[in-house]
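As a plain string of letters, each chain reads:
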Amino acid sequence: MKLLIRNLARTTTEEELRAMFAAHGTVQSCTLVIDKDTGSSKGFGFVEMPKQGEAKAAISVLNGQNVGGSKIRVKKSE
């Protein structure tokens, strides 16, 4: 299941994002969306978790959590 993570702090790294979701199961891929001009994060990214149950658990626990001073939003990617 591919998840969309929004409202990330611009300082959040892919490693931090991967670690947050790995605590809830297997992470297949983790990608932060980077601004081509500045090289910094645009504040959102995607995490792919192959097991639907683990992905749903991660959504329920992490959605609304305060990470790096920002309240993140996690949902299934459309």
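Heads up: the structure comes first, above all this text.
My aim in this report is to walk through the structure given alongside it, one point at a time. (Residues numbered from 1 in each chain as written. Predicted model: local features only at pLDDT ≥ 70, side-chain atom pairs only at ≥ 80, totals over all residues. Heavy atoms only, no water.)

**A short note on helix 2 (residues 52–62)**
- Among all positions of helix 2, only A55, A58, I59 and L62 are buried. Summarising the axial view, the buried residues of helix 2 lie within an arc of 100°, below the 170-degree limit, and thus occupy one face. Facing away from the buried surface of helix 2 by more than 90 degrees, the exposed residues are G53 and S60.
- Where the residues of helix 2 are buried, they touch strand 1 (2–6), helix 1 (14–22) and strand 6 (73–76).
- Of the residues flanking the end of helix 2, it is G64, one or two places downstream, whose phi is positive at about 90°. (Buried < 20%, exposed > 50% of the residue type's maximum accessible area, 1.4 Å probe, protein only. Helix = DSSP H or I, 4+ residues; strand = E, 2+ residues; numbered from the N terminus. Arc of directions from axis to C-beta. Contact = heavy atoms within 4.5 Å.)

**Here we look at the environment of E78**
- Along the chain, E78 turns up in the segment after strand 6.
- The exposed category is assigned to E78, whose relative accessible area is 88%.
- Linking E78 and K2, residues 76 residues apart in sequence, is a C-alpha distance of 8.3 Å.

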